[in-house]
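Residue-level listing of the chains:
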Amino acid sequence: MRQNDIAERNYVHGHAPAEQQRLIDQAALWQDRLILDGTTLLPGTRLLEVGCGVGAVLGTLGRAFPDVQLSGVDIEPAQIGFARKHLADCGVTADLHVADARELPYENASFDHVWMMWVLEHMTEHDAKAALGEARRLLRPGGTITSIELDYATIKVGPPTAGLDALMPALVQAMRTFGQSDAGTQLWGWLEETGFSGIDPGERLYSFRGAEAEPMARYLADSVEGAMTAITSLPCTPDEETLRQALTELRGFGAESWVRCVVHKAQATA
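Computed from a predicted structure; not experimentally measured.

Caption draft 1: Structural detail: the nonpolar core. Counting residues in hydrophobic clusters, the biggest one holds 63 residues, and the most contacted among them are Trp30, Ile155, Val157, Leu171 and Leu250. Counting residues per element, this core draws most heavily on helix α6 (residues 162–178), which supplies eight residues. With sequence-adjacent residues up to four places away left out, tryptophan 30 is seen in contact with Ile35, Trp118, Tyr206, Met216, Tyr219 and Cys261. Counting 28 residues, the second-largest nonpolar core is a separate cluster that includes Leu48, Ala101, Leu120 and Ala268.

Caption draft 2: Inspection of the pairing of strand β5 (residues 139–158) at higher detail. Pairing of strand β4 (residues 111–117) with β5, which is carried by six bridges, proceeds in the parallel orientation. Its bridge partner being in β5, phenylalanine 111 is matched across the sheet by leucine 139. Remark: the β4/helix α5 (residues 125–138)/β5 crossover connection has right-handed handedness. Pairing of β5 with strand β8 (residues 258–269), which is carried by eleven bridges, proceeds in the antiparallel orientation.

Caption draft 3: Layout of the packing of aromatic side chains. Within this structure, the stated rule accounts for five aromatic pairs. Ring plane angle 5° and centroid distance 6.2 Å describe the contact between tyrosine 206 and phenylalanine 208, whose orientation is recorded as stacked. Accessibility classification places tyrosine 206 together with phenylalanine 208 in one group, the buried group. Through pairs of rings, three or more aromatic residues link up here, namely Trp30, Trp118, Tyr206, Phe208 and Tyr219. Sitting above the plane of the tryptophan 258 ring, arginine 260 keeps its charged end 4.3 Å from the centroid.

Caption draft 4: Up close: the packing of α6 against helix α10 (residues 240–251). Remark: α6 packs on α10, axes separated minimally by 8 Å, with the N-to-C direction vectors making an angle of 105°. Relative to α10, the element α6 lies roughly perpendicular. Facing Gly163, Leu164, Ala166, Leu167 and Ala170 of α6, the residues of α10 in contact are Thr242, Leu243, Ala246, Leu247, Glu249 and Leu250. Partitioning the contact of α6 with α10 into residue classes produces eight nonpolar, two polar and one charged.

Caption draft 5: Here's a closer look at the environment of aspartate 222. Turning to its location among the elements, aspartate 222 is positioned in helix α8 (residues 213–226). Sequence separation between aspartate 222 and alanine 18 is 204 residues, and the spatial gap between their C-alpha atoms is 9.2 Å. In contact with aspartate 222, not counting residues within four places along its chain, are Arg22 and Arg251.

Caption draft 6: Region of the structure containing unusual backbone geometry. For the peptide bond that leads from glycine 158 to proline 159, omega is 5°, which places it in the cis range. Position of proline 159 relative to the elements: it lies in the loop between β5 and α6. Look at cysteine 236: it is not a glycine, yet its phi comes out positive at around 65°. Tracing the chain through its elements places cysteine 236 in the loop between α9 (228–232) and α10. A relative accessible area of 80% places cysteine 236 in the exposed class.

Scoring rules and cut-offs
Residues numbered from 1 in each chain as written. Predicted model: local features only at pLDDT ≥ 70, side-chain atom pairs only at ≥ 80, totals over all residues. Heavy atoms only, no water. Core = buried A, V, L, I, M, F, W, Y, C linked by side-chain atoms within 4.5 Å. Buried < 20%, exposed > 50% of the residue type's maximum accessible area, 1.4 Å probe, protein only. Helix = DSSP H or I, 4+ residues; strand = E, 2+ residues; numbered from the N terminus. Contact = heavy atoms within 4.5 Å. Pairing = 2+ DSSP bridges. Right-handed = clockwise from strand over helix to strand, strands pointing away. Phe/Tyr/Trp six-rings, centres within 6.5 Å; stacked < 30°, edge-to-face > 60°. Lys NZ or Arg CZ within 6 Å of the ring centre and 35° of its normal. Axes fitted to C-alpha atoms, helices over the stretch in contact; angles between N-to-C directions. Parallel < 35°, antiparallel > 145°, perpendicular 65-115°, else oblique. Nonpolar A, V, L, I, M, F, W, Y, C, P; charged D, E, K, R; others polar.

Structural data, given as structure tokens:
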């Protein structure tokens, strides 16, 4: 199977321009509360982001840690092309390549740190372990990994409506069908099985209400919108009109609304 076939099959959001911009916005939304929170990178650190997409996280890390040597790979050529322009606009230098996370084009012990964010959720369990095994191969002894994943079943929004009650299980089903809906919970086990040690599962509960919930709800709606084709292709899925009504409700969240989820920012040593 060609790399592009794998990318199209597993990445439920697609690679349209709207999705590329969504990834930029996503990194901005999570920059302080997740990406940079708890992250320390020493000057000269050789960092590889696996599944770098449009370069949004690399841009965030490069601005925060300007003396880090950045590299990134993604299986989708269009994402790498976008990432090169985005990082140039950010004034961030990174060595970018199209590559498969399961078979990366680097020598053993080439990096001090590997970063993976919302990547393993788009893979089968076998492929997720293969990607983590490759990450460990590329790390020097004592090198470290950061892997961030979500548990989709923990996403709770309210006040509840019929549309929202239909949307959230459909999203979980889609992520389970096309990848791993509970990648966050599985991370600890996957890291252990692929030879990492000193594992911190990094479980974080995020809870947003009122004004804080509004941007998170819009972000969730935009994310689901990009995956709508995948969601509606599944059997026993609510009709698209019901799901789109739920998106409208998310985008209209106000003072009495709330969003909660559990994210794992796991860190471990090679």
